[in-house]
Amino acid sequence: MDAIPFERHVWAEIDLDALRHNFRLTRQQAGGMPLCAVVKADAYGHGAVRCARVFAQEGAAWLAVSRLTEALELRQGGIGLPILILGRTDPRFAGVLAGQQITQCCYSLAYARALSERATAAGVQVDIHLKADTGMGRIGFALQAGFDAAIREMIEAAGLPGLHMTGLFQHFSVADEAGADSVAYTAAQHALFVRAFEALRAAGQEPALVHCDNSAGTLLHPDWPAGLPRARCMGRPGIILYGYPPSHDVPCPGLRPVMAMKTVVSMVKELQPGQSASYGRRFTAKAPTLAATLCAGYADGYPRLLSEGKGVVDIHGVPCPVLGRVCMDQMLVDVTAVPQTAEGDTAVLWGGGTAGDTAESIALKTGTISYEVLCGVARRVPRVYLEQGQAVAVDDHLTR
């Protein structure tokens, strides 16, 4: 770690070997189908450019992001893979989309017309993937509400000047749930998607690429090119690439969590009976208690909901519960069971330890999902990239 200097205050370690392992495992689970690696939200907090480089080396076919700025960051980072924007881009940026060879999600006829107008005015052609809404209910041509009308709109959108339709996709809403209703709903979404593909092909607008499988779909339905030309199909995994299953209903043995959040001990003191710790005096010692102050808090992405003993930190391989309330920049943990704890010692907030929390256990304790825990790691937290256990790069957004 000392080979690449950075301040050991609070940091996230990103294991690139684990990232490679997860990509290979996912590709195997998908039956060798080409993969579009989802790197939106800074690769779920892991660092989009660094992760994208690994995915490119491992043979990813595409990358997916949420917005234009995320796509531009990849291009500026030297990433040449095809990129799909999954959300809206202001049509005024049609020239940027075309110039940077970025494919845009097209989800309604009104949006297609606006994008076409701007592309034509700029003298460019924008590649688009048609987004079918088969039941997610966010954006997309509303096939459930009126299949024939939605298909007519998709056909018209695909034929507009300045647009080049190269793909069709949709998103499952409950593929990560094992209940009978959810399984049936997901199957219905897939069947509707296949119908849409067939209708477009019959109209002479056959998409060159189709993708419908998120992480859960990739794991549970690698056979779901069924009804579609397999040579045109692609998986679109996200969370499993970073080492976590999409839900408890969708286990994936062998995944390796990529991120570990760490900090250091800034002070150790013994609280005497009657002494309190942190805001609100939510902890008062009943017996002599050895307390360690850590250089991390909720502004770094450690949830305040882990206050008062809910959170468990690994110090020297021993579980150390949080004392009192988690503060913005600091927190206290009980190290009575680890009397050798000293200033400068490493504390594992989650991942990378054997005795503390994981992103998944934190999600369960705070009523959320691992996605949010990972994405919540703050911008001020440096990302330290490891290969074979050694630091090979550090990205610090505040000093670069």
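Going along each chain's sequence as written, the residues are numbered from 1 onward. With pLDDT at 70 or above as the cut-off, local features in this predicted model cover only qualifying residues; side-chain atom pairs require 80 or more to be listed or tallied, and sums for whole chains, interfaces and linings still use all residues. Hydrogens are left out, water is left out, and the side-chain values use all remaining heavy atoms of the structure.

Per an unreviewed UniProt entry, the protein is named Alanine racemase, and its organism is Candidatus Faecalibacterium faecigallinarum. In its Sequence similarities (unreviewed entry) section, the UniProt entry covering the protein states "Belongs to the alanine racemase family." UniProt positions are given in the numbering used here, feature names are shortened, and annotations may be inferred rather than shown by experiment.

Asker: Give a description of the layout of surface pockets that names residues and reports values.
Answerer: Summary: where empty space remains is shown by rolling a probe the size of a single water molecule over the atoms. Taken as a whole, the largest pocket spans an internal volume of roughly 670 Å³. Ranked by residues supplied to the lining of the largest pocket, first place goes to helix H2 (residues 40-44) with three residues. Only Asp, Glu, Lys and Arg are considered charged, only Ala, Val, Leu, Ile, Met, Phe, Trp, Tyr, Cys and Pro nonpolar, and every remaining residue, Gly among them, polar. In terms of residue class, the lining of the largest pocket is made up of 16 nonpolar, seven polar and five charged. Ala-41, Asp-42, Glu-70, Glu-73 and His-397 are, among the 13 residues lining the second largest pocket, the residues nearest its centre. The element best represented in the lining of the second largest pocket is helix H4 (residues 68-76), accounting for three residues. Residues belonging to the lining of the second largest pocket are distributed by class as follows: four nonpolar, three polar and six charged. Only protein atoms enter the 1 Å grid, on which a cavity is a set of points fitting a 1.4 Å probe that cannot get out and a pocket is an open set with protein on both sides within 12 Å along at least 5 of 7 lines, lining residues being those with an atom within 4 Å of a point. Grid points are joined across faces, edges and corners, and a volume is the space filled by probe spheres set on the points. A run of DSSP states H or I qualifies as a helix once it reaches four residues; a run of E qualifies as a strand once it reaches two. Both are numbered from the N-terminal end.

Asker: Before we move on, can you summarise the nonpolar core with the specific residues and values?
Answerer: Residues Phe-55, Leu-63, Leu-74, Leu-130, Met-331 and Val-333 are the most contacted members of the largest nonpolar core, which totals 122 residues. Of the residues forming this core, the biggest block, seven residues, is contributed by helix H8 (residues 180-202). In what follows, a contact means two residues having at least one pair of non-hydrogen atoms within 4.5 Å. When near neighbours in sequence (up to four residues on either side) are disregarded, Phe-55 contacts Leu-19, Phe-23, Ala-37, Val-39, Ala-60, Leu-63, Leu-241 and Tyr-242. Residues enter a nonpolar core if they are buried and are Ala, Val, Leu, Ile, Met, Phe, Trp, Tyr or Cys, with the set joined through side-chain atoms within 4.5 Å. Buried means the residue's accessible area, taken with a 1.4 Å probe over protein chains only, is under 20% of the maximum for its type, while exposed means over 50%, and partly exposed covers the values in between. Phe-6, Trp-11, Val-264 and Cys-295 belong to the second-largest nonpolar core, a separate cluster that totals seven residues.

Asker: Tell me about the side chain of Thr-341, and please be specific about residues and values.
Answerer: Checked against the element boundaries, Thr-341 lands in the loop between strand S17 (331-334) and strand S18 (346-350). Overall, Thr-341 belongs to the buried group, its relative accessible area being 6%. What qualifies as a polar contact is a pair of N or O atoms within 3.5 Å, subject to a donor-acceptor requirement within protein and to the restriction that residues adjacent in sequence count only when both atoms come from side chains. At 2.7 Å, the side chain of Thr-341 and the backbone oxygen of Val-338 are in polar contact. When near neighbours in sequence (up to four residues on either side) are disregarded, Thr-341 contacts Val-265, Val-268, Ala-292, Ile-315, His-316 and Val-335.

Asker: Can you explain the side chain of Thr-293? Please cite residues and give values.
Answerer: Secondary-structure assignment places Thr-293 in strand S14 (residues 289-294). The exposure class assigned to Thr-293 is buried, which follows from its relative accessible area of 10%.

Asker: Residues and numbers for the packing of helix H1 (residues 16-29) against helix H3 (residues 48-57), please.
Answerer: Inter-axis angles, ranging from 0 to 180 degrees, are taken between N-to-C directions of lines fitted to C-alpha atoms, where helices are fitted over the stretch in contact. Packing of H1 against H3 leaves a shortest axis separation of 10 Å and a crossing angle of 45°. Here H3 runs oblique to H1, going by the angle between their axes. Considering only the axes of H1 and H3, their crossing is right-handed. Where H1 approaches H3, its residues Leu-16, Leu-19, Arg-20 and Phe-23 are matched on the opposing element by Cys-51, Val-54, Phe-55 and Gln-57. Of the residues in the contact of H1 with H3, the class split is six nonpolar, one polar and one charged. Under this scheme an angle from 65 to 115 degrees is roughly perpendicular, one under 35 degrees roughly parallel, and one over 145 degrees roughly antiparallel; angles in between are oblique. Handedness of each helix crossing follows the sense of rotation of the near helix against the far helix: counterclockwise by less than a right angle gives left-handed, clockwise gives right-handed.

Asker: Describe helix H6 (residues 109-122), naming the residues involved and giving the relevant values.
Answerer: One turn of an α-helix holds 3.6 residues; hence residues three or four places apart share an orientation. By definition here, a helix of n residues has an expected span of 1.5 Å times n minus one. With 14 residues, H6 should reach 20 Å at 1.5 Å per residue; the first-to-last C-alpha distance of 20 Å fits that figure. What H6 keeps buried is the set Leu-109, Tyr-111, Ala-112, Leu-115, Ser-116 and Ala-119. The arc that holds every buried residue of H6, seen down its axis, measures 150°, which confines them to one face. Across H6 from its buried face, at more than 90 degrees, point the exposed residues Ala-110, Glu-117 and Ala-121. Along its buried surface, H6 packs onto helix H5 (94-99), strand S5 (102-106), strand S6 (126-133), strand S7 (141-142), helix H7 (147-158) and strand S8 (163-169). Looking one or two places after H6, you find Gly-123, whose phi comes out positive at around 70°. Throughout, the arc means the angular range of directions from the helix axis out to the C-beta atoms.

Asker: Now, about unusual backbone geometry: what can you tell me, with residues and values included?
Answerer: The backbone of Ser-278 shows a phi angle near 70°, a positive value even though the residue is not glycine. Judged by relative accessible area, Ser-278 falls into the partly exposed class, the value being 24%. With phi around 50°, Gln-388 is a residue other than glycine that occupies positive phi space. Mapped onto the secondary structure, Gln-388 falls in the loop between strand S19 (383-387) and strand S20 (390-395).

Asker: Give me the lowdown on the environment of Ala-363, citing residues and values where you can.
Answerer: Structurally, Ala-363 is set in helix H10 (residues 359-366). Exposure remark for Ala-363: the relative accessible area of 4% places this residue in the buried category. Separated by 60 residues in the primary sequence, Ala-363 and Pro-303 have C-alpha atoms spaced 9.6 Å apart. Sequence-distant contacts of Ala-363, that is, excluding residues within four places in its chain, are made with Thr-368, Ile-369, Ser-370 and Val-373.

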